[in-house]
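These are the residues of each chain, in order.
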Amino acid sequence: MSLEINIDGRNAVVKELGREGNLVTFQVDDEVYQVDALKLGEGIYSIIYKGRSYNLEMIDAGSPRHFTVNSFHNSYEVEVIDAQTRYRRSRSKGDASDSSNTIVSPMPGKIVKIPVKTGDDVEAGQTLIIVSAMKMESEFRAKSAGKVKSIHVAEGDTVDANKVLIVVE
Amino acid sequence: MSLEINIDGRNAVVKELGREGNLVTFQVDDEVYQVDALKLGEGIYSIIYKGRSYNLEMIDAGSPRHFTVNSFHNSYEVEVIDAQTRYRRSRSKGDASDSSNTIVSPMPGKIVKIPVKTGDDVEAGQTLIIVSAMKMESEFRAKSAGKVKSIHVAEGDTVDANKVLIVVE
Amino acid sequence: MIKKVLVANRGEIALRIMRSCREMGIPTVAVYSDADRSSMHVRYADEAYHIGPAPSVESYLNIDRIIEVAKKSKADAIHPGYGFLSENAAFSERCKKEGIEFIGPNADAIRQMGDKITARKTMIAAGVPVVPGTVDKITDFDEALKTIREIGLPVMIKASAGGGGKGMRLVKKEEEIESSLRGARSEAKAAFGDDSVYIEKYIESPHHIEFQILADKHGNAVHLFERECSVQRRHQKVIEETPSPLLTPAVRAEMGAHAVAAAKACNYHGAGTIEFIADDNQNYYFLEMNTRLQVEHPITERVVGVDLVKEMVNIANGFELPFKQEDLKQSGHAIECRIYAEDPDRNFMPSPGTIRHITEPLGLGVRHDGYVYEGYTIPIYYDPMISKLIVWAKNRDEAIRRMSRALEEYKITGVKTSIPFLARIMEAEAFKTGKYTTHFIEENKDFLFAKPECDGVCEDIVLIASYLEYSAKLEKTRSSEPIVKPASRWKDSQRGAFI
Amino acid sequence: MIKKVLVANRGEIALRIMRSCREMGIPTVAVYSDADRSSMHVRYADEAYHIGPAPSVESYLNIDRIIEVAKKSKADAIHPGYGFLSENAAFSERCKKEGIEFIGPNADAIRQMGDKITARKTMIAAGVPVVPGTVDKITDFDEALKTIREIGLPVMIKASAGGGGKGMRLVKKEEEIESSLRGARSEAKAAFGDDSVYIEKYIESPHHIEFQILADKHGNAVHLFERECSVQRRHQKVIEETPSPLLTPAVRAEMGAHAVAAAKACNYHGAGTIEFIADDNQNYYFLEMNTRLQVEHPITERVVGVDLVKEMVNIANGFELPFKQEDLKQSGHAIECRIYAEDPDRNFMPSPGTIRHITEPLGLGVRHDGYVYEGYTIPIYYDPMISKLIVWAKNRDEAIRRMSRALEEYKITGVKTSIPFLARIMEAEAFKTGKYTTHFIEENKDFLFAKPECDGVCEDIVLIASYLEYSAKLEKTRSSEPIVKPASRWKDSQRGAFI
């Protein structure tokens, strides 16, 4: 199997060439690695490569295809690119405002206030919604001017992470 | 559902009368209990009954039907009695030696020595097999006199828990 | 004698209190909201009672309900922990009325120190230095000049009616006074319709240093030395240590004596903290008093060798303090890091969720006060603190290295945490040398948020792990579920599930 | 200066050593057998190399292989931990030959103290008391009588060629000497074909008390006080504490001086332990020297405030000890419990298996040194120790209560552990009062193995939990598997699985 993975902006192709027990051979772009790889717990990996012991923690970042990967001193944002993503990316090319003015809850929380209503004209920077989680309120503002197309939650609602809250077009 | 459960020699019938979320009503023999029961981890239960907080740890004891249950100050041996068990029990009634001269590995380990062979006559107390685990050797002896009927492992073998090692009849 | 303690709190502090009660042989009663049935304090306690819905105002702040549980469970004392009802004078009073011992100060002391003006006046009367300045309005230049000369430059001119930075001027030189005063007044007039201002000493390199005190009901009070809490973000403490790298023994002794005086001035009993602001020259001023146990109390416990919760219970029981000031010594160095479920790279946004894996830091010199476990879901309703990591070592340098080591051991998956950020602080030069103020995070943000170097290999290894994780997930879902699903799908867990 | 340390060990002690190396900024190299790829020390180290099959003779005892890895990884020092190669003179010698620093004593000291007769002679020469007795064979009654009168009753007559209790007689009164001597000799003759015997003082109420020593390469040596290790089962230590409840300050100082003399007598350098046997009257005798770090070293670290592993590395580096005897003090009280995967109710049978859930004890005064994690399978090949739980408190009584509290917090499922047994010891009167000898477990077995009382309700609650656990399992298997399956089925786990 081969996967296209984006790591902090770099697109790389990771291909599994073979495995024998937990010794796995990979090709990452042009480099070939034989590693001893072990999953030790939920999101905990131990990889030994040329004697070096690497410990990696995979933290879900919103979707099954997104991880934050911690290795003690570094932290990486990783996204697995699948066909759907490529399709979505190609569609939205040159139309950055399309998705950027969709407010998605970055964390589970409670809707405190929605100071706009459907059909309102909004300016860039205008507060669209206030979400509270863990004693902290976060304001989400419009990235650019537009009209509120749809509101998917109501004040007082409890929402999961990655839920679409408001769409501005 | 209703289960027959043996706890340290007492046979009790546990019957679930109803549940609403994690509030469950049980009948244990003649007593009715409404408890707030939660599984918090693998084998970790929190039960609140009349305000008392009970913490129970279930430790597998050889088969899915056997547990050791720890509640900080007490430890119980519990066996769920199913149809198969009842059948086995009724068959072996009055024939205690039947199973008692079958040596079963109580833990995973390595077979160090088998000083008997199939067909040998053995006396009560004679060593049949020596198993080593974690730097400690355990000798298993015949409970009563008999003839070695079958040997299911060889010296040097690594065995799982609850494997039949030797049968004497 | 206290026979059963209700702990009116949750999370790590509820466990902290129950631990000491258990060691004293005192049974404990937990209270919990809808969001907390699976929380550790419920299992830890001997008894546990539900007190209401998740929002704290309907549960952990519901005085009637908590008193009701105390009576039902025959708890004869209540420990409020920190936050929630811990500095609520009405709650302390209510407990008294109901014949329940409130393990904390009485209502008068809470009120007296809770009101800033009253507290300031009490401190002045007790001879405790407060931030120099005028409370009265100033409109006249000569008066302003006189005051500023008394206080000493730099000063801050602030609008009496003000707020939000309007009508505020920092004055560093005497020749700036006139124009600054004029500017502040006209801005105040425009903004608030009132041109009166007041003047306060401006502390240029502020250090937040607080003193732990213990006082019994018989008039005895001691301090247990200081905690340096200057590593702050938005006025929230991030890291605390003791001893403070700023203080000399002489100033420490003087501040300690003032802290004891402050406690005596309000007839305090129980554990409390006197917060001071200090400058680089160790000039210090009373800021406020926290009339409760602090989050960061463990570092004091470690270097002084005293269990503060046990002392609180003993004080509530009416015992005299078992030690005098001269019996108390600081030994070695302790540091605390607060571990939050938050994302340092996204402006510390809270990151609630389900804990998938924990590797806890262990070994020599490490104390860990936490409450989460694998499979536990951190609720969105409360403080995002996961745990407190406390280390001790013979000296400050070793303590910093030990904290680095412990942070490296500490692995949590499932939620984002502040661990990498805290680890970075341990490597910052200003922290390592101990020369830092409350501006530390702001002044060092380039270093703290920089991405450390990584060779191509380490990035490729990350890619390989990502491949493995993704393909494992793919495998897991292939049979039953479409691949693209909302994140919550991955939170499904056998553990923590209601039966 | 040591730049990289290979740790020739596994389990908790490998981690313990790596922790201190990391705090010193020294990278570490792990070695592991087939059974240990998923073991924590492999992830903890900076580098990790496979050294052979699971049986330790082919891996952790394989000197050639370990030296090879040290060279390959450019490790310039090896720490052997305890067990395995830690007291192997040939290994120490080999390291020296290969130019690798062995973090421990040199081969001569290991040999000198490893041989019982040589060690005894060395101690006698150094003025350290040894168990009174004869080394030479005795065949004559008059000689025996003379010797016994010198030693003082009671004595043990033992067959020179003997073992296994044959040809052994305990003599309490002088009039028993003749018949006991005759009996022992004829039994020895029958069993071993040799009727010669020797005589040794019998210690009636034996206490196992050991002293920690540190010695540098410059002739400086100090002791770090004692550890009381009398809670033993089959000569295996179960619980250790310091200070010993038996010793008075005067005897402690005298024993300490003898411990230092013992270390100096064999030109020792590194960390070592002098084991003594003492009676109720604090008469004490040298037993043996352990020329390595002990399992129970953390209690010493806690009350003295010294990191023993760091001191070992510094000594290996050729540094002088940073303290003198008079700088060292005991502060407070520390207790260690060894947590084993074993079943106390079935004669402590080992209980290897997969850890399903752990709740680790946390909070004030608790140190935990472990290496297992949820999903980890404890291999059958090595020692069944899961972890060491160490508590500290101001005094012994509080330390016992704290240990009880910590043991109650510590929950492990998946394997049986000694936790309930250890908790029971904390409640035993003889332990609580500190009046115990090495016969403690035997003498208190009725109490220690008794089943505490439980009302009908608590038994019924256990039945309810069993119902829930069984029905959850039933649910889980119903779709795919027959219900009755071997136990190993339940060990299947996503975690720890080889990818």
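Residues numbered from 1 in each chain as written. Chains lettered and ligands numbered in written order. Predicted model: local features only at pLDDT ≥ 70, side-chain atom pairs only at ≥ 80, totals over all residues. Heavy atoms only, no water.

Peer 1: Outline the overall build of chain C, listing residues and values.
Peer 2: A tally of regular secondary structure across chain C gives 18 helices and 22 strands. In terms of C-alpha radius of gyration, chain C reaches 25 Å, essentially the compact-globule figure of 23 Å for 499 residues. Principal-axis analysis of the C-alpha atoms gives chain C an extent of 85 × 65 × 50 Å. Looking at chain C as a whole, 62% of its 499 residues qualify as buried. Intrachain contacts of chain C at a sequence separation of at least 6 include 65% that bridge at least 24 residues. A total accessible area of about 18300 Å² is found for chain C, and carbon and sulfur atoms account for 50% of it. Averaging the coordinates of the 67 positive side-chain charges in chain C and doing the same for the 73 negative ones gives two points 4 Å apart. (Helix = DSSP H or I, 4+ residues; strand = E, 2+ residues; numbered from the N terminus. Rg over C-alpha atoms; globule rule 2.2 N^0.38 Å. Buried < 20%, exposed > 50% of the residue type's maximum accessible area, 1.4 Å probe, protein only. Contact = heavy atoms within 4.5 Å. Areas by Shrake-Rupley, 256 points an atom, 1.4 Å probe, with all protein chains shown as cover. Lys, Arg positive; Asp, Glu negative; His and termini not counted. Charge placed at Lys NZ, Arg CZ, Asp CG, Glu CD.)

Peer 1: Account for helix α3 (residues 63-72) of chain D, naming residues and giving values.
Peer 2: Residues and elements named next belong to chain D. Those residues of α3 not exposed but buried are I63, I66, I67, V69 and A70. Take α3 and look down its axis: the buried residues cluster within an arc of 160°, on one side only. At its buried positions, α3 is contacted by β1 (5-7), β2 (28-33), β3 (47-52), β4 (77-79) and α4 (89-97). (Arc of directions from axis to C-beta.)

Peer 1: Which residues make up the interface of chain A and chain C, and what values go with them?
Peer 2: Facing the 64 residues of chain A at the interface are 61 residues of chain C. In total, chain A and chain C occlude about 5500 Å² of area from one another, counting both sides; carbon and sulfur atoms represent 67% of this. In this assembly, chain A and chain C are joined by 8 salt bridges. Between R10(A) and D460(C) there is a salt bridge, with its nearest N and O atoms 3.1 Å apart. (Buried area = accessible area lost by both parts, 1.4 Å probe. Salt bridge = Lys/Arg side-chain N within 4 Å of Asp/Glu carboxyl O.)

Peer 1: Please provide a residue-by-residue account of a negative patch on the surface, values included.
Peer 2: A grouping of D136(C), D140(C), D142(C) and E143(C) is seen on the molecular surface, where their side chains present a negatively charged patch. Tracing the backbone shows D140(C) in the loop between α6 (116-125) and α7 (141-151). (Patch = residues over 30% accessible without salt bridge, like charges linked within 9 Å, V, L, I, M, F, W, Y side chains within 5 Å.)

Peer 1: Please set out the packing of aromatic side chains residue by residue, giving values where relevant.
Peer 2: On inspection of all chains with the given rule, the structure shows 34 aromatic pairs over all chains. For the pair Y373(D) and Y376(D), a centre-to-centre distance of 5.3 Å together with 45° between the ring planes defines the contact as tilted. For Y376(D), a relative accessible area of 1% translates into the label buried. Taken together, Y60(C), F84(C), Y381(C) and Y382(C) form an aromatic cluster joined through their ring pairs. The ring of Y373(C) carries R43(C) above its face, with NZ or CZ at 4.6 Å from the centroid. Over the ring of F348(D) we find R233(D), and its NZ or CZ is 3.7 Å from the ring centre. (Phe/Tyr/Trp six-rings, centres within 6.5 Å; stacked < 30°, edge-to-face > 60°. Lys NZ or Arg CZ within 6 Å of the ring centre and 35° of its normal.)

Peer 1: I'd like a description of the sheet that holds strand β13 (residues 136-141) of chain B, backed by residues and values.
Peer 2: Residue and element names in this part refer to chain B. The strand order across the open sheet built from 4 strands is β13-β12-β10-β15, with neighbouring strands paired in antiparallel fashion. Only two strands of the sheet have a single neighbouring strand rather than two, namely β13 and β15 (158-159). By the bridge criterion, 6 bridges tie strand β12 (residues 127-133) to β13 in an arrangement that is antiparallel. Pairing of V131 across the sheet is with S138, part of β13. (Pairing = 2+ DSSP bridges.)

Peer 1: I'd love a proper account of the pairing of strand β16 (residues 164-168) of chain A, names of residues and values included.
Peer 2: All names here are of chain A. Counting buried positions along β16 gives 4 out of 5 residues, so the element sits mostly inside the fold. Looking at chain direction, strand β9 (residues 102-104) and β16 are connected through 3 bridges and run antiparallel. Its bridge partner lying in β16, V104 is registered against V164. Note: strand β14 (residues 146-151) against β16, 3 bridges, orientation antiparallel. When the sheet's bridge partners are listed, I151 is paired in β16 with I166.

Peer 1: Lay out the domain arrangement of chain C with the relevant residues and their values.
Peer 2: Each assigned domain of chain C is listed with its residue range as follows: domain 1 (5-103), domain 2 (132-201) and domain 3 (207-448). For domain 2 of chain C and domain 3 of chain C, the distance between their C-alpha centroids amounts to 35 Å. (Domains from an automatic or database assignment.)

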